[in-house]
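# A look at the structure
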Amino acid sequence: MQQQTTYKPLTLITPTAAMSPSVHGGRAKCLQRLVRMEMPVPVTVALSFDAVHDAAIGNLPDLADLLAPFGDAPLLSVRPSSQDPDWGGPSAILNVGMNDARYVELINWLGEETATKLYLRFIQSYAIHVARLDPDEFHMPDVTDAESLKAMMATFEYETDEPFPQDVDSQLAEVLRSMARAWDGTTARLLRQAKGAPADAGLGLVVQAMATGTGRGECGQGVIQFVDGTSGAPRIIGRYVSSHLAGTRALGPETEGALYLTRDPRGPSLEDLCPDQYAKLVSYGDLCRARLREEMEVKFTLQDGALRIIDAVRVQRSSRAAVRIAVALAEDRVIPREEAVMRVEPAALSELLHRQIDPTAPRDILVQGIAASPGAASGRIVLTASDAQASASRGEPCVLVRRETTPEDIRGMHAASAVLTMRGGVTSHAAVIGRGLGLPCVVGASDLSIDRKTGKIVAADGRVLHAGEMITVDGTTGQVLLGEPKTVEAALDGAFQTLLEWADEFRDIGVRANADTPADAQTAANFAAEGIGLCRTEHMFFEGDRLGVMREMIFAEDGDDRREVLDRLLPMQRADFQALFEIMAGKTVCVRLFDPPLHEFLPSDKAGLRDLAEQVALPLPEVTARVDALAEYNPMLGMRGVRLGIAIPEIYDMQARAIFEAIVAVGKKGIAISAEIMIPLVSAMREVELVKSRIEVIANVVRTKNKADFDYRLGVMVETPRACLRAQDIAEHADFLSFGTNDLTQMTYGLSRDDAGRFMSSYVQQGVYVEDPFHTLDIEGVGELIALGAARGRRSHPDITLSICGEHGGSRSAIDFCRKRGFDYVSCSPFRVPVSRLTAAQLAIADRLSQ
């Protein structure tokens, strides 16, 4: 049995010292690796997490043992060392041990001005970060001389009733205690938890001999990295500040004493001044990349020409750079491809797919809502879909602001640059369509009130905005901003494609896209979706003049009249499907038959009702009465989906015929397509039997008429709890079961997804739900129903195809759930396809590594 390593509270960092990132933190472990690579690292002692925790409650380590490696009268730095460098930590304290006696020595060695600056900076740092005194009382003076030093010392004594401590033991003890307590503070804990750290994450500290970068020879300090943190491209970046050029303007008005690193015609450089040391830095960068298998930022000093490496940290990088760096490391065989795939956060890909607000841009936040569709866009406020279309026709970007959107708003959403709604959650109509279109969207901004009559919006702080004013929607953070902040464009490059190609080598579940239009399908194809897992045909009926024809069908008196009207829609539907099939050539397209209640296609305002009466040539009172008669108390549980298909079969007949004729048409062009027809909202086997029999008849009619043969598969969208329970019977008549998690979640919880945003945050905060079930798949409840339905479906049909096609399809937990239960694929919005491909690969790799 392997012997457990024993770690000491204090560890002198040597090549063989027992150290671990989980005990001493990432910075301490990295310094040991630098020492092992024989880099000139100053003497350093690491304090373990336990030692720092003890310091926070007053039990300091043995200071004599801690100080022993540093000799007499040392100058020290103390830096935080958390397990993950991204979790941060307290500010570093430099020049611990500085006192009056050492100040006199430094005057003789460095001169009064330099020595005074060092002492002043230490007093300032100690006063603010250790003694927690008012920062306004400890500004660095314009003139650094003995008088200014005396004045700052007097201020410290006045504020604390004690003279500034002069012995290194006292100074170090207070520094350790202060940094340890700062880590345990509420603000620090919340900040690191926001970065993914556990609440009880430990902190280590590293105490290091100061390499001051001051002396008679060439002295200075700098930082160097070998890759651009924004683009990820290889490039030497950093700065070097020479002590002997302090007070000069070597680079520009903002950087006194700074030199370029590499040779540059604009001014002096470290490469010119100290070519040997510069060459060593470059070689150290190559060594870090090869041995640490990472792009590192190296902090260094020169003291009388001698190079010292004081720290190395992972280069901070943008999402674009993260992808490019990971791919480059793998292509150079520094890391394997699997590791490159694992290193990139899926959320980073989502950022690359959309324009984002520049991180440096100021934000005037108007309201915080729910981030429903990522990306950022600015535009002038419009309050109706028709206004959005008018704005688009003038070439003016706009933001469609609604209480909530309905299918009638589809054309306005297509025309808008972004969408903002007061109601709704992450699976509301606006959110679903926004993600499908790649349209930035914020929903659930309930702190806003909207008055369409006066054309104004009122924010929670009382600010009033009118239609035509400029706002910006940040669908990545859920913020709505006043004005038009600077944005950065989407960045898809070769590294992006390469990473996803590698991901496809490792993932073990298919990824399709939810795509309702040819534009959606093209986006899905561009992102290498394996097909369309959900085509919601109802959205096609809102395009162009189709809405009017659809309304005529609704007002038709009988089946013959409905067929006559639907015959006018047939060529339009056929053209839609043909376009989808051509774009997805060689892949599978799953078409969901008509689902929504008919009232969604009818107007609700007086002007719309008057237009409808004119269109159908009926008196306004009769039209109003018919519209009222179609209204339902709970339309999402009313006559929709398969119920509509059985009650008004002419709709499904027309759609099936359009699908089959489109298959024939693309077949004549030599395009192979695998078509699937999906019946929505099924809850009983008999519903499937009735629809299936009619579709089979229509398929045979189209085959005979066109003298062409074709295949198709028919399946069920499982969206009701009863369908899960009766899946064994239903699967006997289905080729596939696709679980629609949006409606299934609604019906399992008895909760409207459009209204949940009003109280969901309160429920999550109070622990009623761990997460919003419309955002993260409820594995315990909804997941159990899905698992049960899948198992029962396989009893009667062992080879049945299983998938999920709701908005959860792109989430990590849902993909993991489906993989573990042997599902064939997940289907998500087109812009989530790359994220899902990467996520599926990471889950597969993680499973393999854990075996």
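Residues numbered from 1 in each chain as written. Predicted model: local features only at pLDDT ≥ 70, side-chain atom pairs only at ≥ 80, totals over all residues. Heavy atoms only, no water.

A low pLDDT score tells you not to read the predicted coordinates there in detail. Per-residue confidence for the chain averages 89 on the pLDDT scale, and 97% of its residues sit at or above 70. Of all helices and strands in the chain, the one with the weakest mean pLDDT is strand β8 (residues 258-259) (74), whereas strand β29 (residues 736-739) scores best (98). Low pLDDT, under 50, characterises residues 246-255; the stretch is placed with twelve contacts to residues that sit more than four places away or in other chains. (pLDDT = per-residue confidence, 0-100. Helix = DSSP H or I, 4+ residues; strand = E, 2+ residues; numbered from the N terminus. Contact = heavy atoms within 4.5 Å.)

Moving on: the sheet that holds strand β19 (residues 456-458). Taken together, three strands build an open sheet; the order of strands is β18-β19-β20 and the sheet is antiparallel. Each edge of the sheet is formed by a strand with only one pairing partner; in this case those strands are β18 (449-451) and β20 (464-466). Sheet twist, expressed as the mean angle between neighbouring strand axes with direction ignored, is 20 degrees. Pairing analysis gives three bridges linking β18 to β19, with the strands arranged antiparallel. Residue pairing across strands places isoleucine 450 opposite isoleucine 457, the latter belonging to β19. (Pairing = 2+ DSSP bridges. Axes fitted to C-alpha atoms, helices over the stretch in contact; angles between N-to-C directions.)

Our next topic: the nonpolar core. Among the nonpolar cores identified, the biggest contains 143 residues, and Leu349, Phe581, Phe660, Leu737 and Phe739 are the most heavily contacted of them. The element that contributes the greatest number of residues to this core is helix α25 (residues 649-668), accounting for eleven residues. Apart from the residues within four sequence positions on either side, phenylalanine 660 is in contact with Ile677, Ile695, Ile698, Ala699, Val702, Phe710 and Tyr712. Grouped together as the second largest cluster of nonpolar side chains are 50 residues, Val52, Ala55, Leu75 and Met179 included. (Core = buried A, V, L, I, M, F, W, Y, C linked by side-chain atoms within 4.5 Å. Buried < 20%, exposed > 50% of the residue type's maximum accessible area, 1.4 Å probe, protein only.)

Right, let's get into the sheet that holds strand β3 (residues 76-82). If you walk across this open sheet you meet the five strands as β1-β2-β5-β3-β4, and the pairing is antiparallel. In the strand order of this sheet, the two ends are held by β1 (10-12) and β4 (93-96), each with one partner. Sheet twist, expressed as the average angle between the axes of neighbouring strands with direction ignored, equals 25 degrees. Direction of pairing for β3 relative to β4: antiparallel, over a ladder of two bridges. Looking across to β4, one finds that valine 78 is bridged to isoleucine 93. Relative to β3, helix α8 (residues 168-184) is tilted by about 20 degrees, and along the sheet it contacts β2 (44-47), β3, β4 and β5 (203-209).

Okay, helix α3 (residues 49-56) next. The complete set of buried residues in α3 reads Phe49, Ala51, Val52, Ala55 and Ala56. One face of α3 carries all of its buried residues, which in axial projection span an arc of 165 degrees. The elements touched by buried residues of α3 are α1 (21-24), β2, β3, α8 and β5. Glycine 58 sits one or two residues past α3 and shows a positive phi near 100 degrees. (Arc of directions from axis to C-beta.)

The next thing to look at is empty space enclosed by the protein. Across all of its chains, the model carries two cavities of 30 Å³ or more by this definition. A volume near 100 Å³ is recorded for the largest cavity. Lining of the largest cavity is provided by 15 residues; of these, Ile433, Leu437, Asp516, Asp520 and His539 occupy positions nearest its centre. Taken together, the elements giving at least two residues each to the lining of the largest cavity come down to α16 (410-415) and α17 (429-437). Ranked by residue count, the leading element in the lining of the largest cavity is α17, at four residues. Here the residues of the lining of the largest cavity sort into six nonpolar, five polar and four charged. (1 Å grid on protein atoms, 1.4 Å probe; cavity = no way out; pocket = protein on both sides within 12 Å on 5 of 7 lines; lining within 4 Å. Points joined across faces, edges and corners; volume = space filled by probe spheres on them. Nonpolar A, V, L, I, M, F, W, Y, C, P; charged D, E, K, R; others polar.)

A few words on the packing of aromatic side chains. Under the criterion given, the structure shown has 17 aromatic pairs. With 6.0 Å between their ring centres and 10 degrees between their planes, tyrosine 240 and phenylalanine 300 make a pair best called stacked. Highlighted residues: tyrosine 240 in strand β7 (residues 234-242) and phenylalanine 300 in strand β9 (residues 296-303), separated in sequence by 60 residues. Residue classification places tyrosine 240 among the buried positions, given a relative accessible area of 0%. Given a relative accessible area of 1%, phenylalanine 300 falls into the buried group. (Phe/Tyr/Trp six-rings, centres within 6.5 Å; stacked < 30°, edge-to-face > 60°.)

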